[in-house]
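# Architecture at a glance
The residues making up each chain are set out below.
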Amino acid sequence: MKGLTSEEALDRLEQFGRNSIHSENGKHPLKMLIAQFTNLMVYLLLFAAGLSFWFQEYLDAVAIILVLLINAVIGFWMEFQADRSMNALKKMAGVPAKVIRNGSLMEIPSEEVVPGDLLFIEAGDMITADSKIVNATQLSVNEASLTGEAMPVEKNEKELPADTPLAERTNKLFKGTFVTNGNAKAIVEATGMQTELGKIAHLVHGAEQSATPLEKKLQVFTTKLIYITVALVVLLFLIGLLNGKSYVEMIETSIALAVAAIPEGLPIVSTLALAQGMIKMAKHNVIVKKLSAVETLGGITVICTDKTGTLTQNKIEVTTVLSADDNSEINKRLLNQIAVLCNTASIGISGNEIIEIGDPLESGLLKYSHRQGFDIDQLQQEFPKIGEVPFSSETKMMATSHKTDGGYVVFAKGASEEILTQCSHIQIDTDVQLLDKETENFWKEKSEQLAASGLRVIAGAYKESKTEQDSLTDNLVFTGLYGMIDPPADDVFSAISQCREAGINVIMITGDHPETANYIARELKISDLNNAVIGKEMLPYEVLNDEDKQNWVKTSVFARVTPSQKLDLVTVLQEKGNIVGMTGDGVNDAPALKKADIGIAMGKRGTQVAQEASDMILKNDAFSSIVGAVKQGRVIFKNIQKFVIYLLSCNMSELLVVSLAALSNLHFQLIPLQILFINLITDVLPALALGVSNGNNFVMKEKPRDPSEPLLKIKQWKAVWIYAAIISICTLGAVFVSHYFVHTRKDFDPKLCNNILFFTLIACQLLHVFNMASVKSSFFRSEVFRNKYVWYALLASILIMVSIFYIPLAGHALEIQEFKFIDWIVVIVSAIVFLLVIQFLKRVKVIQDED
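One structure accompanies this document, and this report is about it. Here the structure is a predicted model, which means the values were calculated and not measured.

Here we take up the overall build of the protein. The helix and strand inventory of the protein stands at 30 helices and 25 strands. Within the protein, buried positions represent 54% of all 851 residues. Pairs at least 24 residues apart make up 72% of the contacts formed inside the protein by residues separated by at least 6 positions. Carbon and sulfur atoms form 57% of the exposed surface of the protein, whose accessible area is close to 38000 Å².

Laid out in structure tokens, this is it:
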């Protein structure tokens, strides 16, 4: 069957539309906008605005509402962009489909599948459209997503009555289900909303996504901050009344306090930090599917990784072939027939370039036979395939059955020890001789010798019969061994070194021979010991004792491991307190990927089922991309910590200044409108710049963070209060210097004192952004100083601050009067003194705001 032509497919795409479920791809923009006003911070500020209206402070009330609107617009825009980015990432992680068009097998986006397309599916594939089976080989499909039945259903091409119930339609395939075994070709009957899944799409997509752990921490943090603010406001209000202050004056002071304590920019900046981080990861070939994964990434303590294609280049070449009879042309021909016919991959020749489609190991075998001068297409036509036992991680072998002129022939390949176990004979030129135990052991030793030199070793076998065989995997005739090389990826050495420095243990898990595994582990410096744990020696989890579990935790190499043993290993590692990242590519890896704290699916060679079960997808399958994602996860969390500390210390300084001025009965005080202006400048622009920092070079030299830890530790809370106290001292100090040393006391002007206080507070808070840098590097080489967005933010903030002198209405509202040059000197010097004091205290470790 040649399938549709390209022209037919295009016409049907226009007729039937794209093969997609019309569901809500993200939040509705109106819901996003409303959400900007539904949090405790906004409620408290609205209450303050209401009180301002009540006391006829209309300008303050309007200003508070204006700031709320500005924050809402910025927050909406940031969240809208983040949502668009998430949808773009989802499209990047989209499921492809294999179809036969114009007589050729090709891979296309699943949304372009149309009715009439001829699908080709195999184990691990998601079924992308409702289809009718044309032919099937040992096909089993998991339809739990549609019928709720957990056990796989066997499928075939037999005709059934039209009224057959959905769960009993064994000749049909349904969108959203996945293949657990075998392969098939099927004609597409329905796409998109016309599929069975499309008919119940409202049930499938109705559930709302819950908040991520990081979002929950921010929510808890914000709620506590609100309660503390309310308590302080009430306390100050009562103290003021007891000291004889007027009721109206204390209400105005309380409003100023409430405004001062609320970090209006917190929700905006956290959204931006997460979105920017995920976009950066996508640019580095990592598609993060779940927001919660971003936080967990920074806490990974163990990465369990496959060898082939992740630690290695996945460019497999056959370098050694050991025939059961080196001098036999018959053996040579058989080994090439096995390489070509017991194979589901394909290669194309374009000039001098070989284009590979399918598993790299199988492509490597095809390239070997092509170089030997064998015509691949001719062999496939000469021996048409009539049956197949697909490779599985349990049997570690594959077999195909073919029709010949004189009867039938079976070709098999797989792990050398498994093939030799299934062989009863050996091919010696034209003779088929019994395979005795001594000869079997001889070839097993040969296999181990090849494996010990770093080669990946598989064996080939065959058998002939006059009749069609029921069993394809026993009484085989051993033919020889293939030795293949898959060199380590160029960047994997430095990536493993980074993991070691970051306190992350790397465990290599492979289906290869133990000797091959040990050799690669030594090459990559994962382990210097030849102590690979072999799958057949691993006891089931239920019978493991504590000593067995400790041995697993201390081991860095596992060979000949099955997917169920991967799941057991993840469970043991988590029991011992590890945060586990697990890579996987097969359909049977899905349980381990779901169990792991971070499931990492392969983008190139991973099955669609593995990608659906994972938290993130590696588009290039490279281990270095995992390490890069861990680094970015750490950077994102560090950025969030930094801007939270920055926002808190700035807002707490405002709270202290207002409180001290009120309790000390000073003749000057910040008005609510001034505090709103300060927050508009410092709570948004510099904090946004901190949220998109690239991080420093030391983030991967720190130990993994415990995800259960609070957003800020005790020492960081201490740092916040020290920062706030020193900002307050320098700000109030600037007023007293101006009053007692710059201006004479008889020239005392409360408005000038207010202005000195106002501008010094802004200057200190703007320079405070540089205190968020790590002291592990010099001030001028720090990640904050070299962050161009910080400089853009400072420039924009300064321009906004200066502009109020040229906008009469703004100057009048903020009660700004003319400033002399000497007054600016007082402001700038006070801010620089603040910066120098903080830098000194950080470097002598009085202030410790880093992990």
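Okay, the packing of aromatic side chains next. Given two aromatic rings, their pairing is described by the distance between the two centres and the angle made by the two planes. Tallied over the full model, the rule gives 20 aromatic pairs. With 5.9 Å between their ring centres and 45° between their planes, Phe-677 and Phe-758 make a pair best called tilted. Within this pair, whereas Phe-677 is found in helix α24 (residues 672–682), its partner Phe-758 is found in helix α27 (residues 750–767), the two being separated by 81 residues in sequence. When its relative accessible area of 0% is taken as the criterion, Phe-758 is described as buried.

What follows is about the sheet that holds strand β23 (residues 580–584). If you trace the eight strands from one edge of the open sheet to the other, you get β8-β25-β24-β23-β9-β20-β22-β21, paired in mixed fashion. Looking at which strands have only one partner, the edges of the open sheet turn out to be β8 (286–288) and β21 (533–534). Both strand β24 (residues 598–602) and strand β25 (residues 616–618) contribute to a ladder of three bridges, which runs parallel. Bridged to Ile-600 within β25 is Met-616. Sheet contacts for helix α20 (residues 563–575): β9 (302–306), β20 (505–510), β22 (557–559) and β23; angle to β23, the most-contacted strand, approximately 170°.

Examined against the element boundaries, Asp-849 turns out to sit in the segment after α30 (821–843). Asp-849 gets classed as buried once you look at its relative accessible area, which sits at 9%. A polar contact is formed between the side chain of Asp-849 and the side chain of Tyr-723, at a distance of 2.7 Å. Leave out the neighbours within four places in its chain, and Asp-849 touches Ile-645, Gln-716, Ala-719, Tyr-723, Asn-771 and Lys-842.

Of note in this structure, Asp-429 is not a glycine but carries a positive phi near 55°. Mapped onto the fold, Asp-429 is located in the loop between β16 (423–428) and β17 (431–434). For Asp-429, a relative accessible area of 32% corresponds to the partly exposed category. Although it is not a glycine, Asn-475 sits at a positive phi angle of roughly 55°.

Reading guide: rules and limits
- Residues numbered from 1 in each chain as written.
- Predicted model: local features only at pLDDT ≥ 70, side-chain atom pairs only at ≥ 80, totals over all residues.
- Heavy atoms only, no water.
- Helix = DSSP H or I, 4+ residues; strand = E, 2+ residues; numbered from the N terminus.
- Buried < 20%, exposed > 50% of the residue type's maximum accessible area, 1.4 Å probe, protein only.
- Contact = heavy atoms within 4.5 Å.
- Areas by Shrake-Rupley, 256 points an atom, 1.4 Å probe, with all protein chains shown as cover.
- Phe/Tyr/Trp six-rings, centres within 6.5 Å; stacked < 30°, edge-to-face > 60°.
- Pairing = 2+ DSSP bridges.
- Axes fitted to C-alpha atoms, helices over the stretch in contact; angles between N-to-C directions.
- Polar contact = N/O pair within 3.5 Å; in protein donor to acceptor, adjacent residues only side chain to side chain.

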